[in-house]
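# Secondary and tertiary structure notes
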Amino acid sequence: MHSTEQTAVPTRVIGLISGTSVDGIDAALVEITGKDLDLKVELLAGETYPYPPNLRDKILAVCAGEAISMAELAEIDDAIAFAFAQAAQNIQIGHQSATLIGSHGQTVYHRPPVNGGLETGGTRGQGDEGERTNYQLPITNYPLPITQPKPLGYTLQIGRGALIAHLTGITTVSNFRVADIAIGGHGAPLVPRVDAYLLSHPQEARCVQNIGGIGNVAYLPPRRDDWLEKIRGWDTGPGNSLLDLAVQHLTNSAKTYDKNGQWAASGNPCHPLVEEWLTQDYFHLPPPKSTGRELFGVAYLQQCLRDAEAYQLSAADLLATLTELTAATIAESYRNFLPQLPDRILLCGGGSRNLYLKQRLQSLLPSVPVMTTDEVGLNADFKEAIAFAVLAYWRQLGIPGNLPSATGAPHEVLLGEISPAYNVSVSS
Ligand SMILES: Nc1ncnc2c1ncn2[C@@H]1O[C@H](COP(=O)(O)OP(=O)(O)OP(=O)(O)O)[C@@H](O)[C@H]1O
Ligand SMILES: CC(=O)N[C@H]1[C@@H]2OC[C@@H](O2)[C@@H](O)[C@@H]1O[C@H](C)C(=O)O
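Calculation rules
Residues numbered from 1 in each chain as written. Chains lettered and ligands numbered in written order. Predicted model: local features only at pLDDT ≥ 70, side-chain atom pairs only at ≥ 80, totals over all residues. Heavy atoms only, no water. Core = buried A, V, L, I, M, F, W, Y, C linked by side-chain atoms within 4.5 Å. Buried < 20%, exposed > 50% of the residue type's maximum accessible area, 1.4 Å probe, protein only. Helix = DSSP H or I, 4+ residues; strand = E, 2+ residues; numbered from the N terminus. Domains from an automatic or database assignment. Contact = heavy atoms within 4.5 Å. Disulfide = S-S within 2.5 Å. Near = heavy atom within 4 Å. Polar contact = N/O pair within 3.5 Å; in protein donor to acceptor, adjacent residues only side chain to side chain. Areas by Shrake-Rupley, 256 points an atom, 1.4 Å probe, with all protein chains shown as cover.

Attention now moves to the nonpolar core. In this structure, I32, F176, L391 and W394 are the most contacted members of the largest nonpolar core, which totals 44 residues. Counting only elements with at least two residues in this core, the list comes to β1 (11-18), β2 (25-33), α5 (192-199), β8 (214-220), α6 (227-230), β10 (344-348) and α14 (383-397). Of the residues forming this core, the biggest block, 10 residues, is contributed by α14. Looking at which domains feed residues into this core, each of domain 1 (11-187 + 385-419) and domain 2 (193-376) supplies at least three. In contact with F176, not counting residues within four places along its chain, are G102, S103, H104, L190, F388, L391, A392, L415 and G416. Residues A45, Y49, I91 and I101 belong to the second largest nonpolar core, which totals 30 residues.

This part covers the state of the cysteines. Scanning the model with the defined rule gives 0 disulfides in all. The cysteine C63 is free of any disulfide, with C304 supplying the nearest cysteine sulfur at 19 Å. By relative accessible area, which is 9% here, C63 ends up buried. When its relative accessible area of 1% is taken as the criterion, C304 is described as buried.

Looking at ligand 1, there are 21 residues lining it, with T20, S21, D244, N260 and G350 nearest. Residue D23 places a side-chain N or O atom 3.5 Å away from an oxygen atom belonging to ligand 1. N260 has a polar backbone atom sitting 2.6 Å from a nitrogen atom of ligand 1. Protein burial of ligand 1: of its 650 Å² of free accessible surface, 87% is covered by the chains. Three or more residues apiece are contributed to the shell around ligand 1 by two domains, here domain 1 (11-187 + 385-419) and domain 2 (193-376).

Structure, rendered in structure tokens:
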């Protein structure tokens, strides 16, 4: 592993991300020191900047698989880069300027690898082998270090870093997922390595559970011996994505989410339906695994609504049942895929504010205290933005950002492409 020698001067970094909920750009201005076990992050400012509504609608349409032209894609890419650059400018108001930006961008497509991509790699994919074309690499005169290529994953985050660097005058690291995907990994989840250094504990095993549009977990064993090798991470399945879509469906888009889970709390989960939904293949795939709105999106909710017809559920019961699905997929995946249940669960992401969801998760795992990362000093709303600031900082220091046990990649890699900012000064 890497030296724990302190970097002398704190680096001021901006982390930017819009996640799978597409609810806006999370921006975090942080000061970072250290490298691994000595890594320290101070949050100076955190803010969510909503997308202009028409841009959000376009992004959601693209995420839902709507066909668009390359010209339209270019337009959306630029609009996202502009919105991210504006967020970076706004978050610095009243503060000393940052010297680095880590921009995740906006995921518009994510396809996990089939059986781990390259032969030299090795992990399981999402089991949709039948739909993909197997292909051969072009024949060259030079031997390639690959015996039999299998389809790699593919992931696309837009809002190009070079434009953000140009607009802000700040060096920007972006496109974090592609290097891990290229060597056969899932390119996700990437936050577990940051969680490891910011949230692991000397004696406790912890699960850091993000509940965004999609849920993902980092299992952090107690920080001793070969603990880093024992870390696990994967996407647990739907977080708020189906719930948000159901609220929009039930309110004719007047509401976008169930604030604090109040509506769902007034209903009762339909347990036979949850049991039926839990038979879905994704929940039984062993990690590492990743997913997105491609699976847990509009079409999935429509199937859920059709399944629910047989039970004649009220709106509140439907939301309670979808909330139960999210809680149950998290609890079941811990029981099925972890060596032991954790001593503590630390929630983050917007779903950590859903009190009913939190309560349901607690009752499904009664022996494990469920709290938020706020309670151990790391802001639960901005943890992902903070993580991309750290990943950019690691990229600059030449420190890898992926954890092979979480992404399924065969080895560590440097994550992110660096777009330098050119401060052009005209001298006579
Ligand atoms: N007070 C609240 N009560 C209930 N749900 C909430 C609350 N605040 C936020 N949420 C939920 O959290 C979602 C946004 O979460 P978050 O910003 O963490 O997702 P994301 O980062 O876009 O997703 P991902 O982590 O999958 O990339 C909202 O769409 C909503 O469903
Ligand atoms: C492709 C993509 O954007 N994946 C996201 C998504 O949102 C949650 C979950 O699915 C997670 O694996 C990942 O994001 C976080 C930031 C990660 O990489 O750790």
